[in-house]
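Topology and contacts: notes
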Amino acid sequence: MVKTASAQTPYKRFAQNLKHALDHLRCTPAERALFREPKHIWKNTITIVRDNRTSANFPAFRVQYNDARGPYKGGIRFHPAADEDEVKALAALMAIKTAVVDIPFGGAKGGVQCDPKNLSKREVQLLSRAYVRAFATHIGPDIDVPAPDVNTNPDIMGWMRDEYEVLTKSFAPAVITGKPLSYGGSLGRDTATARGAFFILEELIERKALNPKDLRVVIQGFGNAGAAMAQFLHNAGCTIVAVSDSHGGIYYKEGLDPVRIQKYKSSTGSVTGEYCQGSVCDIKKMKMDNVQAVTNEELLELPCDILIPAALDNVITAKNAGKIQAHFILELANGPTTPEADSILTKRNIQVIPDVLSNAGGVTVSYFEWVQGRSGEQWTAERVDADLKRIMLAAFRAVRREAGREKLSYRGAAFVLGVKRMLETMRVRGWVK
Ligand code: NAD
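Since the model is a prediction, treat every value here as computed from it, not as a measurement.

Some remarks on the packing of helix H2 (residues 29-36) against helix H15 (residues 410-428)
Two quantities define a packed helix pair, namely the angle between the axes and the distance from one axis to the other. Following both chains from N to C, one finds H2 and H15 inclined at 110°, their axes separated by 12 Å at the closest point. The angle between the axes of H2 and H15 places the two elements in the roughly perpendicular class. The residues of H15 that touch H2, namely those facing Glu31, Leu34 and Phe35, are Val419, Met422, Leu423, Met426 and Arg427. Grouping the constituent residues of the contact of H2 with H15 by class yields six nonpolar, no polar and two charged.

Notes on the confidence of the model for the chain
Regions with low pLDDT should not have their predicted coordinates read in detail. With 98% of its residues at a pLDDT of 70 or more, the chain has an overall mean of 96. Overall, residues 1-5 carries pLDDT values under 50, and its contacts beyond four positions in sequence, including any with other chains, amount to 17 contacts.

Brief notes about the packing of aromatic side chains
For the structure shown, the criterion picks out eleven aromatic pairs. Note on phenylalanine 14 and tyrosine 65: the rings are 5.9 Å apart at their centroids and 80° apart in plane angle, and the pair reads as edge-to-face. Separated by 51 residues along the polypeptide, phenylalanine 14 in helix H1 (residues 10-24) and tyrosine 65 in strand E2 (residues 55-66) bring together distant segments of the chain. Ring centres of phenylalanine 105 and tyrosine 367 lie 5.9 Å apart, and the angle between their planes is 90°; this geometry places the pair in the edge-to-face category. Taken as a pair, phenylalanine 105 in the loop between helix H3 (84-100) and strand E4 (107-112) and tyrosine 367 in helix H13 (residues 361-375) lie far apart in primary sequence, 262 residues in all. Put simply, the rings of Phe105, Tyr367, Phe368, Trp370 and Trp379 pair up and form one aromatic cluster. The ring of phenylalanine 232 is capped by arginine 195, whose NZ or CZ atom sits 4.8 Å from the centre of that ring. The positively charged end of arginine 383 is found above the aromatic ring belonging to tryptophan 379, 3.7 Å away from the centroid.

Side note on the nonpolar core
Within the largest apolar cluster, 93 residues are counted, with the highest numbers of intra-cluster contacts made by Phe14, Phe35, Tyr65, Met229, Leu233, Val243 and Ile308. Of the residues that make up this core, three or more belong to each of domain 1 (40-174) and domain 2 (192-353). For methionine 229, the contacting residues outside a window of four places in its chain are Ala194, Ala197, Phe198, Leu201, Ile219, Ile308, Leu330 and Leu332. Counting 25 residues, the second largest nonpolar core, distinct from the first, contains Phe58, Val132, Ala172 and Ile176.

Rules of the game
- Residues numbered from 1 in each chain as written.
- Predicted model: local features only at pLDDT ≥ 70, side-chain atom pairs only at ≥ 80, totals over all residues.
- Heavy atoms only, no water.
- Axes fitted to C-alpha atoms, helices over the stretch in contact; angles between N-to-C directions.
- Helix = DSSP H or I, 4+ residues; strand = E, 2+ residues; numbered from the N terminus.
- Parallel < 35°, antiparallel > 145°, perpendicular 65-115°, else oblique.
- Contact = heavy atoms within 4.5 Å.
- Nonpolar A, V, L, I, M, F, W, Y, C, P; charged D, E, K, R; others polar.
- pLDDT = per-residue confidence, 0-100.
- Phe/Tyr/Trp six-rings, centres within 6.5 Å; stacked < 30°, edge-to-face > 60°.
- Lys NZ or Arg CZ within 6 Å of the ring centre and 35° of its normal.
- Core = buried A, V, L, I, M, F, W, Y, C linked by side-chain atoms within 4.5 Å.
- Buried < 20%, exposed > 50% of the residue type's maximum accessible area, 1.4 Å probe, protein only.
- Domains from an automatic or database assignment.

Here is the structure:
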């Protein structure tokens, strides 16, 4: 989203990682052609009548990258920086991700270029319903199954399901995932992305014989993914030394309490809310509590053991990769690290657990929700948790095996594994020899 940090666009950055995998697998020109561009790029301008009775237009996208392994799958984000290139990159990452965790979906993504912070709840509902009307012929339980992403939530998924069912005169709970529990949602979906990443981190901690109590964690982004991750790690005994959101962050060496942060975020709209109103901070209180205000750039370079980008793409770049002090980077955000930064981090022996593996818990529980929507079952929280753990650990082990065997980074190995699985299905389907 912060597109100035790297000269490359998000899709070019994706293509660079993809190229390494295609080269590594010695893919033929015909095989490479299947990955070059998304199968479909749908664009529309959606219009709503605002509360003040003026009309407003918003560019909207649904990009369907590949459906070799099953229906297209991917979230919809509402954000000012959501454009065709960004949505393309996110759709392509989804296809690799669903293959890495080996669930029967392809990859897609949607976006509306808007700032939902400037819209009322009624306007957001109109926008959500208009999005479905614009793309209804391209989505469906067996075709393309959207989900939440940045700035979209269960309410929005509920409105979208309702709009789709009214339009198609059908009962279609499996058309979308991330819905409210009372309207076809799955237990565990709200925390699934963080939970999946937590399972991976737990195994990593065990394998490296680390003690969670010795681990200092920095988290950028305190939304759906970041806030839940902070809570899981805090409960496990790790010390959350810094968190941030779009307003900035706070750093406290002794360890922050995620419940308290959430309380202030809910009441003031910002994780710094206990100390700052906008850019004006109560320095005296901060000094007394030994808390420091940090910018999002400073936050990434703080001393810590685990750095978790959980907000935006393109934040770890060639500019700051040399200054990162973490030993591990766990990518909850999609595309936070540029390929140039990746090379620097590898040279510095900083282990990156890539987005296509570490944040795949969200789409995995979305898959469970889709299965429940099709079968009419309601799974227990225990079943969701156990199946999520099984799938995440199987994927982590497969990536580790590939990395060890082929002398690749975890990102390199995850891309190779994803591409290999996609190609296997494409061969069976006769798309390529
Ligand atoms: P969200 O909208 O719930 O939260 C985003 C957070 O990032 C908010 O705290 C926001 O204030 C913060 N933020 C926005 N701009 C920022 C900036 N410039 N600097 C620092 N923080 C900023 O979104 P989410 O669902 O938690 O998604 C976060 C990331 O995780 C995205 O990259 C998304 O694609 C990825 N992801 C989410 C899921 C999921 O299930 N929610 C699944 C896979 C990947």
